[in-house]
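Listed below are the residues making up each chain.
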Amino acid sequence: MLVLPAAAPPARAGGGDDHTHGPAEHETVTAAAARTRLAVQSETYELVAIRTGPETLTLYLDRTADNAPVADAAIEATLGEETLRAEPQPDGTFLLRSPRLLAPPASLEMVFSITAPGGDDLLIGEWPAEPVPPPAASLAHVHEGLIDDLLHHPWLALGGIFGLGLLFGILLRGGGRPSGGRRLPREVLSALLAFGLGAAPGAARAGDGDHSHGPSAPAAAAGQRPTVDTPRRLPDGTVFLPKPSQRLLEIRTAIAAPETAHRTITLIGRVVTDPNRGGLAQSAVGGRVIPPESGLPRLGQAVRRGEVLALVEPPLPAADRTTIAERLGEIDQLIAAAEARLQRARSLAATGAGTRVQVVDTEIELEGLRRRRAMVRENRVAPEELRAPSDGVIASARVVAGQVVQAQDVLFQVVDPKGLWVEALAHGADAAALNIQGATASAAGGAPMRLALQGFGRALQQQATLVQFAILDPPPGLSVGQPVTVSAQLGAPVEGIVVPRSALVRGGNGEAMVWRHTAPEVFEPAPVRTEPLDAGRVLLAAGVPAGSRVVVRGADLINQVR
């Protein structure tokens with residue numbers, strides 16, 4: 001078991017006798033310091049105890065490996081010979097109460113016994129000795145400071161005497177009332193009194209002989225217990241992040257362990273449809289769009305293969321209409337003549353002068369003429385039907401009722417959301433010789449998608465080889481034509497530490513780095529050399545030793561602490 005007692009970074013001391021007047025004198029130490037605390041950790045848990053009251057401590061218990069809070073544990077604390085049980089709180093912390101915690105003047109050994117489903121542990125630490133407020137300055141020290149200031153600054157004494165004389169003269173003249181009978185404003189009397197007493201600034205000090213002229217905030221803060229926990233970057237570049245802030249930002253870590261992974265190349269691609277699970281609805285002749293009985297389909301509507309999406313009424317020029325009318329007239333005449341012959345043939349067959357064969361031939365001829373007339377009329381008025389080429393949803397619709405479209409215009413695109421591909425371009429290399437073992441793709445702000453290689457193109461496009469992948473589990477909301485970044489794994493394996501891309505941040509000089517969790521409340525930046533693995537992971541080739549705790553969630557938030 002590894003036990004690491006820790007404390008907050010110390011605040012700066014006062015200026016002493018250096019008589020400095022720089023900006024550092026005006027910093028407030030109380031607001032920058034953290035409350036008294038004890039931090040201990042082992043291979044299983046890390047615990048931070050923070051003073052939140054005269055007799056109370058708030059305990060934060062987290063797992064060492066991933067920095068996740070542990071709220072279902074039982075904690076017993078031994079303070080000397082006293083054993084106490086910490087009280088669980090609704091926010092996942094624990095509260096420890098004891099009169100022995102009332103500002104102990106000396107260090108106090110603490111033993112924490114932890115019982116939790118994730119394992120039991122024992123943590124030992126020593127509560128740091130807290131400063132005791134200094135006694136108030138005596139009247140003799142105040143007088144000595146006043147005399148010392150008067151000796152060093154005689155002009156202050158003269159100003160004070162003049163101000164007191166002016167004040168007393170006004171009071172003796174009218175008891176604080178001018179000749180008009182109205183009392184002097186309280187602000188005027190206060191200003192005169194402050195001016196008269198301004199000759200004795202040393203009376204407010206403790207008379208320690210330091211002749212500094214800056215504010216005395218550090219000296220006053222020395223006897224006060226800081227009550228503010230502030231995340232801040234320390235002079236050595238590390239970041240002090242209190243446990244309450246870690247809980248708020250949901251900081252998570254992972255143990256760095258060497259792994260074997262495959263090298264990758266990054267390709268730029270876009271989402272396309274599976275050619276066998278989608279298609280286009282185009283007009284072959286053009287014309288005016290007519291909605292079907294169910295109406296025009298909307299975007300995102302599910303359709304079945306063969307379903308009528310729209311009707312297109314082809315246009316007919318005036319000459320064609322005249323030709324069709326003449327043709328219909330001729331067919332009507334032939335039909336009338338055939339009907340007359342059929343009637344005569346039936347009469348002759350009834351009297352025995354004709355045969356049944358003549359009647360049948362005339363009926364066949366009449367039926368053929370009627371079909372020809374129907375075909376001519378249908379070709380003139382029957383619209384073209386646009387049907388769905390496959391099952392799926394309407395991905396795009398560029399048509400409204402009454403719109404006139406040209407031949408080969410794309411009116412609808414049907415896409416199967418479960419049948420999407422990715423087309424990517426491989427530049428500067430023969431993609432077929434890359435020996436791609438697997439690939440993933442990610443859109444902006446989306447989760448990585450697993451891809452399956454489908455094939456390589458043998459014709460260059462934009463001086464690059466076209467590579468096609470099938471998306472194995474397309475996420476909802478993926479759109480055709482959406483740009484994606486493809487990470488293709490190659491056959492050559494490499495050794496390194498694999499971390500999520502969220503662990504990688506950029507330093508002030510632009511170099512890539514990660515944050516290491518070196519102590520329960522301290523994080524250290526580590527410059528690294530990386531190689532991309534896939535859409536969601538990177539390989540740390542150098543910069544982080546094995547066994548380090550690397551921040552994998554919230555690293556960008558830690559990087560913003562100043």
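Residues numbered from 1 in each chain as written. Predicted model: local features only at pLDDT ≥ 70, side-chain atom pairs only at ≥ 80, totals over all residues. Heavy atoms only, no water.

## Regarding the overall build of the protein chain
Along the backbone of the protein chain there are 9 helices and 32 strands. The burial tally for the protein chain puts 36% of its 562 residues in the buried class. Taken as a whole, the protein chain presents about 31300 Å² of accessible surface, with 56% of it coming from carbon and sulfur. (Helix = DSSP H or I, 4+ residues; strand = E, 2+ residues; numbered from the N terminus. Buried < 20%, exposed > 50% of the residue type's maximum accessible area, 1.4 Å probe, protein only. Areas by Shrake-Rupley, 256 points an atom, 1.4 Å probe, with all protein chains shown as cover.)

## Points about the sheet that holds strand E16 (residues 302-303)
The strand order E14-E21-E19-E16 describes an open sheet built from 4 strands, whose pairing is antiparallel. The open sheet has two free edges, formed respectively by strand E14 (278-282) and E16, since each of these has just one partner strand. (Pairing = 2+ DSSP bridges.)

## Observations concerning the sheet that holds strand E5 (residues 82-85)
As summarised here, the arrangement of the 4 strands in space is E5-E4-E8-E9, forming an open sheet in which the pairing is antiparallel. Looking at the sheet topology across the chains shown, the edges are occupied by E5 and strand E9 (121-127). The mean inter-strand angle of the sheet, taken between neighbouring strand axes irrespective of direction, is 20°. Of the strand pairs in this sheet, strand E8 (residues 108-115) and E9 are connected by 7 bridges, and their pairing is antiparallel. Within E9, the residue paired with Ser113 across the bridge is Leu122. (Axes fitted to C-alpha atoms, helices over the stretch in contact; angles between N-to-C directions.)

## A short note on the nonpolar core
Counting residues in each nonpolar core, the largest one holds 25 residues, and the members touching the most others are Leu47, Leu59, Leu61, Ile75, Met110 and Phe112. Broken down by secondary-structure element, the contributors of at least two residues to this core are strand E1 (37-41), strand E2 (45-53), strand E3 (56-63), strand E4 (74-79), strand E7 (94-97), E8 and E9. A per-element tally of this core places E8 first, with 4 residues. Non-local contacts of Phe112, meaning those with residues more than four positions away in its chain, are made with Leu38, Leu47, Leu59, Ile75, Glu76, Ala77, Asp121, Leu122 and Leu123. (Core = buried A, V, L, I, M, F, W, Y, C linked by side-chain atoms within 4.5 Å. Contact = heavy atoms within 4.5 Å.)

## Describing the pattern of salt bridges
Across all of its chains, the model carries 21 salt bridges by this definition. Where Glu423 meets Arg270, a salt bridge forms, and the shortest distance between an N and an O atom there is 3.6 Å. Of the two residues, Glu423 is situated in strand E22 (residues 420-427) and Arg270 in strand E13 (residues 258-273); the sequence distance between them amounts to 153 residues. For Glu423, a relative accessible area of 19% translates into the label buried. (Salt bridge = Lys/Arg side-chain N within 4 Å of Asp/Glu carboxyl O.)

## Some details on the environment of Arg387
Residue placement: Arg387 occurs in strand E18 (residues 384-387). According to the relative accessible area criterion, Arg387 is partly exposed, its value standing at 42%. Considered as a pair, Arg387 and Leu311 are 76 residues apart in the sequence and their alpha carbons are 9.1 Å apart. Not counting the four nearest positions on each side in its chain, Arg387 is found in contact with Ala281, Gly306, Glu307, Val308 and Leu309. A distance of 2.7 Å separates a polar atom in the side chain of Arg387 from the backbone oxygen of Gly306. Polar contacts involving the side chain of Arg387 include one to the side chain of Glu385, which spans 2.5 Å. (Polar contact = N/O pair within 3.5 Å; in protein donor to acceptor, adjacent residues only side chain to side chain.)

## A closer look at unusual backbone geometry
In this structure, Asn67 takes a positive phi of about 65° despite not being glycine. Tracing the sequence through the fold places Asn67 in the loop between E3 and E4. A relative accessible area of 2% means that Asn67 is categorised as buried. Of note, Glu250 is a non-glycine position whose phi angle comes to about 55°, a positive value. Judged by its relative accessible area of 42%, Glu250 is partly exposed.

## Some details on the environment of Leu420
Inspection of the secondary structure puts Leu420 in strand E22. Separated by 49 residues in sequence, Leu420 and Phe469 place their C-alpha atoms 9.0 Å apart. The residues touching Leu420, leaving out its near neighbours within four places in the chain, are Val271, Val272, Thr273, Asp274, Val415, Ala470, Ile471, Pro474, Leu478 and Val480.

## Quick look at the pairing of E1
It is a general feature of regular strands that their side chains alternate between the two faces of the sheet. Counted residue by residue, E1 has 5 buried out of 5 residues, so it is predominantly covered. Along E1, one buried face is formed by Arg37, Ala39 and Gln41 and the opposite face, lined by Leu38 and Val40, is buried too. Direction of pairing for E1 relative to E2: antiparallel, over a ladder of 5 bridges. Bridge pairing links Val40 to Leu47 in E2. The turn linking E1 back onto E2 is made up of 3 residues.

## Some words on the side chain of Arg247
Along the chain, the position of Arg247 falls in helix H6 (residues 243-249). Once residues lying within four places of it in the same chain are set aside, the contact partners of Arg247 are Tyr60, Leu61, Asp62, Pro69, Asp91, Gly92 and Thr93.

## Here we look at the pairing of E22
Burial analysis of E22 places 7 of its 8 residues in the buried class, which makes it a mostly covered element. Here E13 runs beside E22; their pairing, made up of 6 bridges, is antiparallel. What sits directly across from Arg270, in E22, is Glu423. Here 7 bridges tie E22 to strand E25 (residues 464-471), and the two strands are oriented antiparallel to one another. When the bridges of E25 are listed, Glu423 appears paired with Gln468.

## A closer look at the environment of Leu557
Note that Leu557 resides in helix H9 (residues 555-559). For the pair Leu557 and Glu250, spaced 307 residues apart in the sequence, the C-alpha separation amounts to 10.0 Å.

## Some words on the confidence of the model for the protein chain
Chain-level pLDDT for the protein chain is 76 on average; 73% of the residues reach the 70-or-more range. Of all secondary-structure elements in the protein chain, the lowest mean pLDDT belongs to helix H5 (residues 217-221), at 33, while strand E6 (residues 87-88) reaches the highest, 94. Ignoring residues within four places in sequence, the model shows residues 175-182, a span with pLDDT below 50, making 10 contacts including any to other chains. (pLDDT = per-residue confidence, 0-100.)

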